[in-house]
Amino acid sequence: MIRLSMPVLGDDEFAAVERVLRSGQLVHGGECDLFEQELAEYLGCRECVVVSSGTAALHLALLAIGIGPGDAVVVPDFTFPATVNVVELVGARPILVDVDPGTYNVTPAGIAEAIDAWSGPEKVRAIMPVHEFGCPADMTGITAVARQYGLSVIEDAACGLGTRHNGKMAGTFGAMGCFSFHPRKALTTGEGGAIAIDDLELATKIRTFRNHGIERNAAGMDFIAAGFNYRLTNFQAALGRAQLPKFAGWLQQRWQLQAMYRQGLADVPVALPDEVAGHAWQTFMVVLPAYCDRNTVIARLRAAFIETNVGAQCIHCLKYYRSKYPEMCQSQAGNVAERLYTQGLALPLYKDLEAAQIDFIVSQLRRIIT
Ligand SMILES: *Cc1c(COP(=O)(O)O)cnc(C)c1O
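Residues numbered from 1 in each chain as written. Predicted model: local features only at pLDDT ≥ 70, side-chain atom pairs only at ≥ 80, totals over all residues. Heavy atoms only, no water.

**Q** If you had to explain the site of the ligand to someone new, which residues and values would you point to?
**A** The immediate surroundings of the ligand are formed by 15 residues, with Gly54, Thr55, Asp156, Ser180 and Lys185 found nearest. Asp156 has a polar side-chain atom sitting 2.8 Å from a nitrogen atom of the ligand. Within the residue set of the shell around the ligand, elements represented by two or more residues are helix 3 (54-64) and helix 4 (82-89). Of the residues belonging to the shell around the ligand, the class tally is five nonpolar, eight polar and two charged. (Near = heavy atom within 4 Å. Polar contact = N/O pair within 3.5 Å; in protein donor to acceptor, adjacent residues only side chain to side chain. Helix = DSSP H or I, 4+ residues; strand = E, 2+ residues; numbered from the N terminus. Nonpolar A, V, L, I, M, F, W, Y, C, P; charged D, E, K, R; others polar.)

**Q** Any chance you could break down the nonpolar core for me, citing the residues and the numbers?
**A** Among the nonpolar cores identified, the biggest contains 37 residues, and Leu62, Ile67, Val73, Met128, Met176 and Ile206 are the most heavily contacted of them. At the level of secondary structure, the elements contributing two or more residues to this core comprise strand 1 (47-51), helix 3, strand 2 (71-76), helix 4, strand 9 (176-180), strand 10 (193-197), helix 7 (200-210) and helix 11 (326-331). Examining the composition of this core, we find that seven residues originate from one element, helix 3, more than from any other. If near-sequence neighbours (up to four positions away) are discounted, Leu62 is found in contact with Ile67, Val73, Val86, Val87, Val90, Met128 and Ile154. The next biggest cluster of nonpolar side chains, apart from the first, holds 29 residues, and it includes Val74, Phe133, Ala146 and Val336. (Core = buried A, V, L, I, M, F, W, Y, C linked by side-chain atoms within 4.5 Å. Buried < 20%, exposed > 50% of the residue type's maximum accessible area, 1.4 Å probe, protein only. Contact = heavy atoms within 4.5 Å.)

**Q** Kindly report on the packing of aromatic side chains, identifying the contributing residues and their values.
**A** Aromatic rings considered in pairs are described by the distance between their centres and by the relative angle of their planes. This model, assessed by the stated rule, comprises 11 aromatic pairs. On the numbers, 6.2 Å between centres and 70° between planes, the contact of Phe78 with Tyr104 is edge-to-face. Here Tyr104 lies in the loop between strand 4 (93-97) and helix 5 (108-117) and Phe78 lies in strand 3 (residues 78-79), a separation of 26 residues in the sequence. Of the two residues, Phe78 and Tyr104, both sit in the buried class. Consider the rings of Tyr104 and Phe133, whose centres lie 5.8 Å apart with planes at 85°: the pair is edge-to-face. A residue pair is termed long-range when its members are at least 10 positions apart, and Tyr104 in the loop between strand 4 and helix 5 and Phe133 in the loop between strand 5 (123-127) and helix 6 (139-149) qualify at 29 residues. When sorted by exposure, Tyr104 lands in the same class as Phe133, which is buried. Ring pairs connect the aromatic residues Trp255, Tyr261, Trp281 and Phe284, which therefore count as one cluster. Taking NZ or CZ as reference, Lys168 lies 5.2 Å from the ring centre of Phe173, over its face. (Phe/Tyr/Trp six-rings, centres within 6.5 Å; stacked < 30°, edge-to-face > 60°. Lys NZ or Arg CZ within 6 Å of the ring centre and 35° of its normal.)

As structure tokens, this is what we get:
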């Protein structure tokens, strides 16, 4: 079976984890502190806070700037649902925005239009753009819209480690940038995440929330907030640290793989994603023509020992959101996000995927859909 994605786990990674396991320091420790410093250096931001998942990062980011009941947050209609679930979890209201058919990202114009059209009782407080599949969202334009309307920006860069917009790292444009190290992402710690942040006070607040609300003081410790346990373990951090120095090279390999797909698929009737500068290619998703039943295509590729999958979800098509916000969901019916959700096909992409395997995947896809 050609897998959809494979983590890169070599001798360096095994040695790093073993070293920490033998040390006996398993929960948050020195490896976490070093991983935070090295990530901040890689991203070019002041601070990073490592956490237990990308979802935990997004949740803490919203809490840190006090988003809650009575607030609304602008989110893409096409994303992994965690982006929108965290808005619900803090008691705020999501405002869905359709995405661009070539980048799969929200656009500044789409965001501005949604804010102008918003008449709900909730006050729009923040924009959460997603760098979908590692494609850089237009952060120049989105930052300008945020400034114009006085909103905070929290970037969901879960797929966007190494993504750049105009040379600057995704996740470092907004007040906070949230990353995931789930095994589907290009750099993995098993489960894990991080928040990139320049505001040191907010970073301290997030670290407190991450660790049960504990504040250490002269008397020992006190609990100053009802916090979570959203810590990353020390051996997970060691795994991430073993991968980070090699990551830039992996990004180049991923770029080459998507270029091979692009060449091979030129005569296959699928829509290809835009080849945007700075794309990290966490996922390569094509869009099947309307006459194809995507799930049948997935099943037939599986029969040829090729694992493929849905790219991301369309939020307005999901049961929870349809029943909670029927009007908003109906108003989005038939949009780009819905087409990407029903016709999108994520193809295998990982560092060690071979050219011959890409040829095979392309030939099988061609055979199945033409
Ligand atoms: C993977 C992903 C998440 C969730 O990250 P986890 O680490 O799995 O919690 C959130 N948003 C997007 C866009 C993602 O791709």
